[in-house]
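A closer look at the structure
Read off the chains here:
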Amino acid sequence: MPATPPIPVVEAQRRIVERIEPLDAERVPITRAWGRVLAAAVSSELDLPPWDNSAMDGYAVRTGEVRSGSSLPVVLDLPAGARSGQSLPAGSVARIMTGAPLPIGADAVIPVEASTGPTGPGVFADPGEEVRFDVAPQSGANIRCRGEDVGRDTVVLERGVECGGPQIAMAASTGHASVDVFRRPEVAIVSTGDELVEVEAAGTEDRIVNGNAYGLAAKIEQAGCVARMLPIVPDDRSVTNSAIADALTSDAVVTIGGVSVGGRDYVRDALVASGVEIVFWRVALRPGGPFAFGTAGKRSVFALPGNPVSALVTFDLFVLPALRKMSGHTRCFPRRQRARLAEPVSTRSDKAYYLRCRLELDAASKEWRASITGPQGSGVLSSLVGADGMVIVPQGVDDLPAGAWVEFLPINDRVTWQEAVA
Ligand code: AMP
Ligand code: MG
């Protein structure tokens, strides 16, 4: 395969997402919709609220009959859940609780706090007793009108909306026991390397644990997708070929290792043998340069370098936005923020450097300060563990002094999402 020059990070991100489409839709019960993205708009089947009702615990009155100091008999008792369509007789009031349907004839609610019952101010009178009011109400006061929140047949949730608590409450309240959402991508994970063993065999002589696969599976699940961890693949051409072919039954494939220029790096050849079109290989990036992306029909393949930090960082930069787009999200890229370097950094200008950093708000200046978490080698997992994200030292820049303004890319639960790639 001809070695093309490494491409810039943002170009790699663009080339990936432009080839990704959301998966097909499926219907899920509303109780399973959390975190899913709506594949179809939701319209209300009901008026919300469904009837004119009280916004307060108090008395439903005819405003024409009440002045400050008026006393009137209580003839109706309307708790929440009372039958709607009851009439309020002239010259009387109804005791009414929040949410209860307003009786026919009433046009305002006076809160109990603005009344005096037989046992004292602010205490409810019972039906048959008299209540005195301290205020003259305005017509419409403390009434929630039928349909004032949502009218029947109006769109309440657009396609592409992510279902969180408020969205699910809205769908349920407007009559939907289930919703159409984009299918969750299933993502196969293929670890390659003669040196790898699963965690149960940790400590085996001359072997290292397939740690990346567990970490990536967690990130795949965190992204709302389904991780399918396949058995470790030795550095063997034909085993790699058949493992890739098997993995391609999933919506997306993440391979780990074997994608560089090592004598026994078979992943790219295996992808081609399985009919994958390699869109690009190599990004001007550290950590994570020898990354490849390809497609086979609707399926996409992300070939991650094996070094732990390279694998996890390229997942965040390239795989996560793609999985979000497949899941139906329109905001697929992490929102960056500005921060000041707490210390000088020195990099090479031929590629972008993503440096693991912690972020702290400087109390005095109210500026975010980014400090390096430790050694930045591609295999140094310990400095990623304590990182809030990465400072981006762009391609073309080498040394930066302490105090320089930089862009900071949050990771994990610090991320908020935006549409634009950068
Ligand atoms: P490679 O990209 O295949 O050349 O792998 C580079 C290095 O990354 C290897 O020497 C391993 O130390 C490490 N490595 C590769 N695959 C994994 C994995 N699945 N989990 C943890 N470390 C790995
Ligand atoms: Mg390898």
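Residues numbered from 1 in each chain as written. Chains lettered and ligands numbered in written order. Predicted model: local features only at pLDDT ≥ 70, side-chain atom pairs only at ≥ 80, totals over all residues. Heavy atoms only, no water.

Examining helix α4 (residues 237–247)
- All buried positions along α4 are accounted for by T240, A243, I244 and A247. When α4 is viewed along its axis, its buried side chains cluster within an angular range of 100° and face the same direction.
- As for α4, its buried residues are in contact with β14 (186–191), β17 (226–229), β18 (252–256) and α5 (267–273).
- Its side-chain oxygen at 3.1 Å from the backbone nitrogen of S238, D236 defines the N-terminal cap of α4. (Buried < 20%, exposed > 50% of the residue type's maximum accessible area, 1.4 Å probe, protein only. Helix = DSSP H or I, 4+ residues; strand = E, 2+ residues; numbered from the N terminus. Arc of directions from axis to C-beta. Contact = heavy atoms within 4.5 Å. Polar contact = N/O pair within 3.5 Å; in protein donor to acceptor, adjacent residues only side chain to side chain.)

As for helix α3 (residues 211–222)
- Its twelve residues give α3 an end-to-end C-alpha distance of 17 Å, which sits within 8% of 16 Å, the value for a rise of 1.5 Å per residue.
- Restricting attention to buried positions, one finds in α3 the residues N212, A213, L216, A217, K219 and I220. Considered in projection along α3, the buried side chains sweep an arc of 165° and stay on one side of the axis.
- Close packing links the buried residues of α3 with β14, β17, β18, β22 (299–304) and α6 (308–326). (Expected span 1.5 Å × (residues − 1).)

Some details on the packing of helix α1 (residues 9–17) against α6
- Running from N to C, α1 and α6 point in directions that differ by 25°, and their axes come no closer than 9 Å. The orientation of α1 relative to α6 falls into the category roughly parallel. The two elements α1 and α6 cross, and the hand of that crossing is right-handed. Seen from α1, the contacting residues are V9, A12, Q13, I16 and V17; seen from α6, they are L317, F318, P321, A322 and K325. (Axes fitted to C-alpha atoms, helices over the stretch in contact; angles between N-to-C directions. Parallel < 35°, antiparallel > 145°, perpendicular 65-115°, else oblique. Left-handed = near helix turned anticlockwise from the far one by under 90°.)

Considering the domain arrangement of the protein
- Here the domain parsing of the protein yields domain 1 (9–24 + 184–326), domain 2 (25–48 + 149–182), domain 3 (53–144) and domain 4 (337–416).
- Taking the mean C-alpha position of each, domain 3 and domain 4 sit 62 Å from one another. (Domains from an automatic or database assignment.)

Concerning the site of ligand 1
- Contacts to ligand 1 come from 14 residues, most closely from N210, N212, G258, G306 and N307.
- In this structure, N210 approaches ligand 1 through a side-chain N or O atom, which is 2.7 Å from a nitrogen atom.
- N212 has a polar backbone atom sitting 3.2 Å from a nitrogen atom of ligand 1.
- Of all the secondary-structure elements, those providing two or more residues to the shell around ligand 1 are β16 (208–209) and α3. (Near = heavy atom within 4 Å.)

Observations concerning the environment of G379
- Of note, G379 is situated in the loop between β27 (368–372) and α7 (382–385).
- The partly exposed category is assigned to G379, whose relative accessible area is 43%.
- Along the chain, G379 and A94 lie 285 residues apart, while their C-alpha atoms are 74 Å from each other.
- When neighbours within four sequence positions are excluded, G379 is seen to be in contact with N307, P308 and V309.

What about the sheet that holds strand β21 (residues 292–296)?
- The strand order β17-β14-β18-β22-β21-β19 describes an open sheet built from six strands, whose pairing is mixed. Only two strands of the sheet have a single neighbouring strand rather than two, namely β17 and β19 (277–281). Neighbour-to-neighbour, the strand axes of the sheet open up by a mean angle of 20°, direction not taken into account.
- Against the sheet, α3 touches β14, β17, β18 and β22, its axis set at about 160° to β17.
- Seen against the sheet, α6 touches β14, β18 and β22 and runs at an angle of roughly 170° to β22. (Pairing = 2+ DSSP bridges.)

Points about the side chain of T192
- By the element assignment, T192 lies in the loop between β14 and β15 (196–197).
- Residues in contact with T192, not counting those within four places in the same chain, are V233, D235, I256, G257, G258 and V267.

Regarding the packing of aromatic side chains
- A full pass over the atoms with the stated rule returns six aromatic pairs.
- Judged by centre distance (5.9 Å) and plane angle (40°), the rings of F280 and F291 are tilted. In this pair, F280 sits in strand β19 while F291 sits in the loop between β20 (285–286) and β21, placing the two residues eleven residues apart along the sequence. Considered together, F280 and F291 belong to a single accessibility category, that of buried residues.
- Aromatic ring contacts, followed pair by pair, group F280, F291, F293, F302 and F318 into a single cluster.
- The ring of W281 is capped by R268, whose NZ or CZ atom sits 3.5 Å from the centre of that ring.
- Above the ring of W281, the side-chain terminus of R282 is found at 5.0 Å from the ring centroid. (Phe/Tyr/Trp six-rings, centres within 6.5 Å; stacked < 30°, edge-to-face > 60°. Lys NZ or Arg CZ within 6 Å of the ring centre and 35° of its normal.)

Thoughts on unusual backbone geometry
- The omega torsion across L48 and P49 is -10°, close enough to zero to call that bond cis.
- Its location among the elements puts P49 in the loop between β2 (42–43) and β3 (53–54).
- Of the consecutive residues R286 and P287, the connecting peptide bond is found in the cis state with omega at 0°.
- You will see that D153, though not glycine, has its phi angle at about 70°, which is positive.
- Relative to the elements of secondary structure, D153 occurs in the loop between β11 (143–144) and β12 (155–157).
- Taking relative accessible area as the criterion, D153 reaches 61% and is therefore assigned exposed.
- Although it is not a glycine, K366 sits at a positive phi angle of roughly 60°.
- We classify K366 as exposed; its relative accessible area is 60%.

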